[in-house]
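Now for the letters of each chain:
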Amino acid sequence: MNNDAETRSILSESAVAVFLNPTARGGRAGFYLARIRKLFESFQVHAQFVTTGSAAELELSVQDAISKNCRVLIAMGGDGTFQTLANAAFGSDVLLGVLPVGGGNDFAAALGLPDDPMKSTEALLRGSPRFVNLVRVRTSEGRTRLYAGGGGIGLDARAMHYSSGRYRHLPGRWRYIASALRALVGFVPLDVRVDFPGSDLISYEARVLLATVLNSPTYGAGVRLAPRATIDDGLLHVVLIENIGMFEILQLLPRLIGSGELQTSRVKRWQANKVRLTTRNPTLFHGDGEILGSTPVEIEVVPRAVQVLAPAPR
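Procedures and definitions
Residues numbered from 1 in each chain as written. Predicted model: local features only at pLDDT ≥ 70, side-chain atom pairs only at ≥ 80, totals over all residues. Heavy atoms only, no water. Helix = DSSP H or I, 4+ residues; strand = E, 2+ residues; numbered from the N terminus. Buried < 20%, exposed > 50% of the residue type's maximum accessible area, 1.4 Å probe, protein only. Contact = heavy atoms within 4.5 Å. Areas by Shrake-Rupley, 256 points an atom, 1.4 Å probe, with all protein chains shown as cover. Core = buried A, V, L, I, M, F, W, Y, C linked by side-chain atoms within 4.5 Å. Salt bridge = Lys/Arg side-chain N within 4 Å of Asp/Glu carboxyl O. Pairing = 2+ DSSP bridges. Phe/Tyr/Trp six-rings, centres within 6.5 Å; stacked < 30°, edge-to-face > 60°. Lys NZ or Arg CZ within 6 Å of the ring centre and 35° of its normal. Polar contact = N/O pair within 3.5 Å; in protein donor to acceptor, adjacent residues only side chain to side chain.

**Quick notes on the overall build of the protein chain**
Here is step 1: Counting secondary structure elements, the protein chain contains ten helices and 15 strands.
Here is step 2: Put simply, the protein chain has 314 residues, and 55% of those count as buried.
Here is step 3: For the protein chain, the proportion of contacts with a sequence separation of at least 24, taken over those separated by at least 6, is 71%.
Here is step 4: Of the roughly 14000 Å² of accessible surface on the protein chain, a fraction of 50% belongs to carbon and sulfur atoms.

Here it is as structure tokens:
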């Protein structure tokens, strides 16, 4: 049986639930719902579509679906929606999926899904199961949480306030770049120490705009902070952007907007299995755009954490 036929068999023989985050893509995610339903029907996949009003409601809905023997669970939203789904489903043997109708969609892009919601739906319905890594973070409050794409502290965590607020209607990368520029106003760089427990890597201290730990190659709707990363390489990709002035940031913007590349000697990169981030003062840490807690944080890769539907690798 080929992969396409095998996936159709899995989807047609299993109970399938799709969880819609209505606030994704600036509240426009629901615009695609009717067309996505019809595409599921054309593939003879009978899915229950569930609209959830919050992350807590989504987690409860996922757990309820699993208890009722629903075997395929799909997040219709952005990276944060998939993160919530993955946390609720982790440890079960369900098959997960994501329909990227959010603002960032970096994890979906790492899976090889197109950014266009209809094309990504068809690619998912023709895809095959694949194991991928997730990232586990433990915050200073003792909270443990998984995330899928990228997480960090500094300018990006501060920018989340704007990307989910006044700039939420901007498309893709523009939303995150505009939010980061706004967050720069009055921003004080962080003094950060990076440790690599269980590794021969030397600890590093610097004053930074941001410190990120990634599972996916891109961040913030396509900014290529970790271009060598793959979501099944078993590694965390640690990236620091050291303190740079506004003039240099403005020089970087054209390429950043156009290709997502960030080329400057002030970017430092490492690969590791475990990372600890410590700051002089407690600082908020986010994963996939969701605030998870405060520093110090301990972060580790979780290999083959979940199985997801994804297009065949090219």
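**Notes on the nonpolar core**
Here is step 1: If you look at the biggest cluster of nonpolar residues, it comprises 54 residues, and the most contacted ones within it are F19, F40, L73, M76, F82, L96 and L111.
Here is step 2: Of all the elements, strand β15 (residues 297-310) adds the most residues to this core, at six residues.
Here is step 3: Sequence-distant contacts of F82, that is, excluding residues within four places in its chain, are made with A75, L96, G97, V98, F107, A148 and V308.
Here is step 4: Formed by 38 residues, the second largest nonpolar core is a distinct cluster that contains A206, A229, L240 and V267.

**With respect to the pattern of salt bridges**
Here is step 1: A full pass over the atoms with the stated rule returns eleven salt bridges.
Here is step 2: In this structure, the salt-bridge partner of R126 is E122, at a minimum N-O distance of 3.3 Å.
Here is step 3: Taking relative accessible area as the criterion, E122 reaches 32% and is therefore assigned partly exposed.
Here is step 4: In this structure, the salt-bridge partner of R136 is E300, at a minimum N-O distance of 3.1 Å. Remark: E300 occurs in strand β15 and R136 occurs in strand β5 (residues 128-138); sequence separation between them is 164 residues.

**A word on the pairing of strand β13 (residues 284-287)**
Here is step 1: When strand β7 (residues 150-154) meets β13, the two strands line up antiparallel, connected through three bridges. Across the sheet, residue G151 finds its bridge partner in β13, namely G287.
Here is step 2: Two strands pair when backbone bridges link them, and β13 and strand β14 (residues 290-294) are joined in this way by four bridges, in the antiparallel orientation. When the sheet's bridge partners are listed, L284 is paired in β14 with S294.
Here is step 3: Between the end of β13 and the start of β14, which pair antiparallel, lie two residues, with D288 showing a positive phi angle near 55 degrees.

**Looking at the environment of G77**
Here is step 1: Along the polypeptide, G77 turns up in strand β3 (residues 72-77).
Here is step 2: Given the relative accessible area of 0%, G77 is considered buried.
Here is step 3: Sequence spacing of G77 and V98 is 21 residues, and the spatial spacing of their C-alpha atoms is 7.4 Å.

**Brief notes about the packing of aromatic side chains**
Here is step 1: Applying the stated rule across the entire model yields five aromatic pairs.
Here is step 2: Judged by centre distance (5.7 Å) and plane angle (45 degrees), the ring pair of F196 and W270 falls under tilted. A residue pair is termed long-range when its members are at least 10 positions apart, and F196 in the loop between β8 (190-195) and β9 (204-214) and W270 in strand β11 (residues 267-272) qualify at 74 residues. Across this residue pair, the class does not change: F196 and W270 are buried.
Here is step 3: Ring plane angle 55 degrees and centroid distance 5.1 Å describe the contact between Y204 and W270, whose orientation is recorded as tilted. Here Y204 is found in strand β9, whereas its partner W270 is found in strand β11, with 66 residues between them in sequence.
Here is step 4: With a relative accessible area of 26%, Y204 lands in the partly exposed category.
Here is step 5: On the basis of relative accessibility, which here comes to 16%, the residue W270 falls in the buried class.
Here is step 6: An aromatic cluster is present here, built from F196, Y204 and W270 joined pairwise through their rings.
Here is step 7: Sitting above the plane of the F131 ring, R304 keeps its charged end 4.1 Å from the centroid.

**Thoughts on the side chain of D79**
Here is step 1: One can find D79 in helix α5 (residues 79-89).
Here is step 2: Residue class for D79 comes out buried when judged on its relative accessible area of 13%.
Here is step 3: Here the side chain of D79 touches F107 through a polar contact of 3.1 Å, landing on its backbone nitrogen.
Here is step 4: For D79, the contacting residues outside a window of four places in its chain are G104, N105, D106, F107, A108 and D288.

**Regarding the environment of T144**
Here is step 1: Among the structural elements, T144 can be located in strand β6 (residues 144-147).
Here is step 2: For the pair T144 and G293, spaced 149 residues apart in the sequence, the C-alpha separation amounts to 9.2 Å.
Here is step 3: In terms of polar contacts, T144 uses its side chain to reach the side chain of R138, at 3.4 Å.

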